[in-house]
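Listed below, chain by chain, are the residues.
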Amino acid sequence: MCLLREHAPADHADLPGPATEETLASAEERMGLSFPPDLRAWLLQNNLDLPEEDVDDDVQCCGFAGFPDEGSFFLGIRAMERLYANRVTSVGFDPPDQPDSPFWRNEWIPFLSDQDGWSGKFIDARNGRIGRWFVGEITITDEYETLADYFDSLARTLTRIVDGSYPVCRVSEGRLVWS
């Protein structure tokens, strides 16, 4: 987030403050799992929940929009819980006849999504690995080793945006602008 603060300060200023330990513990209890240390550290710095008055009940997911691309949202805790509740299944994975290659497992915590909840990224509560889902396609379970690795890739992307070598995005008046 330091790069975002430095190069897109208006976007950075829109970020809400940190979550509290109590908020995290309550979410973990409702979801029935523990957040991996990387996710916990991220949320203790950046709880991206929108204020209640800004939440649109007609969309599945909402949160901080505009990075890493124009169609994705980093989710706040409430949005994580809402999307997780939509995906969780009584047998622990979906579809029930594919335990070794499911589209979704209950141990996966979404942290980034499109507004419909059809695609996004998750962190595996068992091992901290980052994966990617897209409804109707095969889920990628080991896209990144850790959340820190994923954020390193975002830092490289932001660096390319700032230096003008990322053709679909630029910075204007302190904000990321997608073409």
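Residues numbered from 1 in each chain as written. Predicted model: local features only at pLDDT ≥ 70, side-chain atom pairs only at ≥ 80, totals over all residues. Heavy atoms only, no water.

## Side note on the overall build of the chain
Then comes step 1: What the chain contains, in helices and strands, is six helices and 10 strands.
Then comes step 2: Residues counted as buried form 44% of the 179 residues belonging to the chain.
Then comes step 3: Summarising the internal contacts of the chain: among those between residues at least 6 apart in sequence, 49% fall at separations of at least 24.
Then comes step 4: Of the roughly 9300 Å² of accessible surface on the chain, a fraction of 49% belongs to carbon and sulfur atoms. (Helix = DSSP H or I, 4+ residues; strand = E, 2+ residues; numbered from the N terminus. Buried < 20%, exposed > 50% of the residue type's maximum accessible area, 1.4 Å probe, protein only. Contact = heavy atoms within 4.5 Å. Areas by Shrake-Rupley, 256 points an atom, 1.4 Å probe, with all protein chains shown as cover.)

## So, the side chain of Glu-28
Then comes step 1: For Glu-28, the position within the fold is in helix H3 (residues 21-31).
Then comes step 2: Engagement of the side chain of Glu-28 in a polar contact is seen with the side chain of Arg-40, the distance being 2.7 Å.
Then comes step 3: Once residues lying within four places of it in the same chain are set aside, the contact partners of Glu-28 are Leu-33, Ser-34, Phe-35 and Arg-40. (Polar contact = N/O pair within 3.5 Å; in protein donor to acceptor, adjacent residues only side chain to side chain.)

## Considerations on H3
Quick reminder: α-helices carry 3.6 residues per turn. Residues three or four places apart thus point the same way.
Then comes step 1: When we look at burial in H3, the residues that qualify are Leu-24, Ala-27, Glu-28 and Met-31. Viewed along the axis of H3, the buried residues span an arc of 100°, placing them on a single side of the element. Of the exposed residues in H3, those oriented more than 90 degrees away from the buried face are Glu-22, Glu-29 and Arg-30.
Then comes step 2: Tucked inside the fold, the buried residues of H3 contact helix H4 (37-45), helix H5 (77-87) and strand S5 (108-113).
Then comes step 3: With its phi angle positive at about 80°, Gly-32 sits one or two positions after the end of H3. (Arc of directions from axis to C-beta.)

## Thoughts on the packing of aromatic side chains
Then comes step 1: In the structure shown here, the tally under the stated rule is 11 aromatic pairs.
Then comes step 2: The interplanar angle of 35° and the centroid separation of 4.7 Å between the aromatic rings of Trp-42 and Phe-151 together place this pair among those described as tilted. Placement of the pair is Trp-42 in helix H4 and Phe-151 in helix H6 (residues 147-162), with a sequence separation of 109 residues.
Then comes step 3: Classification of Trp-42 by relative accessible area gives buried; the value is 9%.
Then comes step 4: Centre to centre, the rings of Trp-108 and Phe-122 are 4.2 Å apart; their planes meet at 15°, and the pair counts as stacked. Of the two residues, Trp-108 is situated in strand S5 and Phe-122 in strand S6 (residues 119-124); the sequence distance between them amounts to 14 residues.
Then comes step 5: The exposure class of Trp-108 is buried, given its relative accessible area of 1%. (Phe/Tyr/Trp six-rings, centres within 6.5 Å; stacked < 30°, edge-to-face > 60°.)

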